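Below are the chains, spelled out letter by letter.
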Amino acid sequence: MLQLVLFDIDGTLMDGHGIGRAATRRAMLELFSTVGRLDSHNFAGKTDWGTLCELLDRDEADIGRHMPAYEASIERHMRDLAPEFELHPLPGALETVQALRDRPDFILGIVTGNASVTTPIKLVAAGFDPAWFPVRACGSEAASRNDLPPLALQRARAQSGKAIAPQDVTVVGDTPADVACAQALGARAVAVTTGFSTREALVAARPDHLLDDISELLPLCGVTSVD
């Protein structure tokens, strides 16, 4: 049986130290000449598409038309900013991914609010090889995070040629929105306390599992040792 494990990035695998907000500021000023309420905006659990809808008070269709230009802009700005920020993996994240990535019964993926073009930039800067995650669904592809796990599952089925069921999917994230998007798919929801939400908020979201350390994911996936 093939299992699909989908990881969030920020607060789950890595700490971006604010590079996303900085790149968003530059891209928004370039394209829209305003950043709206960016300084007080909470990015946790949201997609880049949804964030722009909120900050600019525009509907999804309008933002969708601007998304290709926005992606080009934010990619350029994040590459320019990367040397100024010290991105690093969160404790246990690299080891957990490495323990799963070469196993034939797992396929790994990313479900993130980050744009598709900035996702690999962040992964590389924090020490992850984007090739470890052949399946991705990103925040420039949908305004709602709930739309991303079904997209990732569709891509995993196409890549593997296997009929992966929702109950064979695990979504790992640090916010109630990560839990909600897993539940919307019918997947297993695993929340970690290493990110941007309080333990109380995560408990209230009712994940299947709540972890203080991402390495605790391994026994949940049936991995009892690291090769």
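Conventions we followed
- Residues numbered from 1 in each chain as written.
- Predicted model: local features only at pLDDT ≥ 70, side-chain atom pairs only at ≥ 80, totals over all residues.
- Heavy atoms only, no water.
- Helix = DSSP H or I, 4+ residues; strand = E, 2+ residues; numbered from the N terminus.
- Contact = heavy atoms within 4.5 Å.
- Buried < 20%, exposed > 50% of the residue type's maximum accessible area, 1.4 Å probe, protein only.
- Pairing = 2+ DSSP bridges.
- Right-handed = clockwise from strand over helix to strand, strands pointing away.
- Axes fitted to C-alpha atoms, helices over the stretch in contact; angles between N-to-C directions.
- Phe/Tyr/Trp six-rings, centres within 6.5 Å; stacked < 30°, edge-to-face > 60°.
- 1 Å grid on protein atoms, 1.4 Å probe; cavity = no way out; pocket = protein on both sides within 12 Å on 5 of 7 lines; lining within 4 Å.
- Points joined across faces, edges and corners; volume = space filled by probe spheres on them.
- Nonpolar A, V, L, I, M, F, W, Y, C, P; charged D, E, K, R; others polar.
- Core = buried A, V, L, I, M, F, W, Y, C linked by side-chain atoms within 4.5 Å.

Along the chain, the position of Ala 156 falls in helix α6 (residues 148-160). Along the chain, Ala 156 and Gln 3 lie 153 residues apart, while their C-alpha atoms are 9.9 Å from each other. Excluding its chain neighbours within four sequence positions, the residues that come into contact with Ala 156 are Leu 4, Ile 107, Val 135, Gly 161 and Ile 164.

In terms of burial, strand β6 (residues 169-173) is a largely internal element, five of the five residues being buried. A two-sided burial pattern is seen for β6, the buried positions comprising Val 169, Val 171 and Gly 173 on one face and Thr 170 and Val 172 on the other. Where strand β1 (residues 3-7) lies against β6, four bridges are found, and the strand directions are parallel. Within β6, the position partnered with Val 5 by the bridge is Thr 170. Pairing analysis gives four bridges linking β6 to strand β7 (residues 188-192), with the strands arranged parallel. Opposite Val 172, over in β7, you have Val 190 as the bridge partner. In this region the chain leaves β6, passes through helix α7 (residues 176-185) and returns to the parallel neighbour β7; the handedness of that crossover is right-handed.

Looking now at the sheet that holds strand β4 (residues 106-111). Across the sheet, which stays open at both edges, the six strands sit in the order β5-β4-β1-β6-β7-β8 with parallel pairing between neighbours. Single-partner strands in this sheet number two, and they are β5 (135-137) and β8 (209-211). Averaged over neighbouring strand pairs, the angle between their axes works out to 20 degrees when direction is ignored. Docked against the sheet, helix α4 (residues 93-101) engages β1 and β4, running at close to 140 degrees with respect to β4.

Attention now goes to the packing of aromatic side chains. Under the definition given, this model contains three aromatic pairs. Relative to Trp 132, the ring of Phe 128 lies with its centre 6.4 Å away and its plane at 80 degrees, an arrangement referred to as edge-to-face. Like Trp 132, Phe 128 is buried. Measuring from centroid to centroid gives 6.3 Å for Phe 128 and Phe 133, while their planes differ by 55 degrees, and the two rings are tilted. Note on accessibility: Phe 128 and Phe 133 belong to one class, buried. Grouped by ring-pair contacts, the aromatic residues Phe 7, Phe 128, Trp 132 and Phe 133 constitute a single cluster.

What follows concerns the layout of surface pockets. Unfilled space is identified by rolling a water-sized probe across the atoms. Of the voids in this model, the largest pocket is the one considered here, and its volume is about 470 Å³. If you trace the largest pocket, you find 29 residues lining it, with Asp 10, Phe 43, Ala 44, Lys 122 and Phe 196 closest to the centre. The biggest single contributor to the lining of the largest pocket is helix α1 (residues 19-32), with four residues. Residue classes in the lining of the largest pocket are distributed as six nonpolar, 13 polar and ten charged.

A general feature of soluble globular proteins is that nonpolar side chains tend to end up buried together. Counting residues in each nonpolar core, the largest one holds 50 residues, and the members touching the most others are Phe 7, Leu 13, Leu 100, Phe 128, Phe 133 and Leu 217. Top element by residues in this core is helix α3 (residues 60-81). It accounts for six residues. Leu 6, Ile 107, Ala 142 and Cys 181 belong to the second-largest nonpolar core, a separate cluster that totals 25 residues.

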